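One letter stands for each residue in the lines below.
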Amino acid sequence: MDIQLKRGLLDVCVLAAIKDAESYGYKIIKDMKPYIELSESTLYTILKRLEAASMLTVRSAEHGGRLRKYYRITDNGLRRIEEFKSDWAEILSIYNFVTKEEISDDKD
């Protein structure tokens, strides 16, 4: 798969994982696991990129004697999910065109 396409898909997956409630790294990975495998190093790279793009915010809070970062989606992040849904409809349309069964000319 094209690396840029995969990067965009993973970004949207992470945004979707925190869409309904703020979350932290381990929980994001756990929530995504039934759908996609994601390493911690990949996740934290994505989280930094999304924060830089103002698609999520980060806060630190103590948990079990350690600082934990919590991530919350922003309006920009929610818009990105909606853009993805719109883009995906177009991608599905292209996929359906490319994979359709060819109809023989003699049936016309």
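Whatever comes next refers back to the structure up there.
Because the structure is predicted, anything quoted here is derived from the model rather than measured.

**Examining the nonpolar core**
Core analysis: the largest hydrophobic core is formed by 17 residues, its most contacted members being Val14, Ile28, Leu38, Leu43, Leu47 and Leu50. Elements that contribute at least two residues to this core include exactly helix 1 (3-17), helix 2 (25-32), helix 3 (40-52) and strand 2 (66-73). The element that contributes the greatest number of residues to this core is helix 3, accounting for 4 residues. Excluding residues within four positions of it along the chain, Leu47 makes contact with Val14, Ile28, Leu56 and Tyr71.

**Some points on unusual backbone geometry**
Although it is not a glycine, Ser54 adopts a positive phi angle of roughly 60°. Mapped onto the elements, Ser54 comes out in the loop between helix 3 and strand 1 (56-63).

**Things to note about the environment of Ser54**
Given a relative accessible area of 39%, Ser54 falls into the partly exposed group. Taking the C-alpha atoms as reference points, Ser54 and Thr74, separated by 20 residues in sequence, lie 7.1 Å from one another. When near neighbours in sequence (up to four residues on either side) are disregarded, Ser54 contacts Thr74 and Asn76.

**Observations regarding the pairing of strand 1**
Both strand 1 and strand 2 contribute to a ladder of 8 bridges, which runs antiparallel. Its bridge partner being in strand 2, Glu62 is matched across the sheet by Leu67. The antiparallel hairpin formed by strand 1 and strand 2 contains 2 residues in its connecting segment, where Gly64 sits at a positive phi of about 60°.

Reading the values: rules and limits
Residues numbered from 1 in each chain as written. Predicted model: local features only at pLDDT ≥ 70, side-chain atom pairs only at ≥ 80, totals over all residues. Heavy atoms only, no water. Core = buried A, V, L, I, M, F, W, Y, C linked by side-chain atoms within 4.5 Å. Buried < 20%, exposed > 50% of the residue type's maximum accessible area, 1.4 Å probe, protein only. Helix = DSSP H or I, 4+ residues; strand = E, 2+ residues; numbered from the N terminus. Contact = heavy atoms within 4.5 Å. Pairing = 2+ DSSP bridges.

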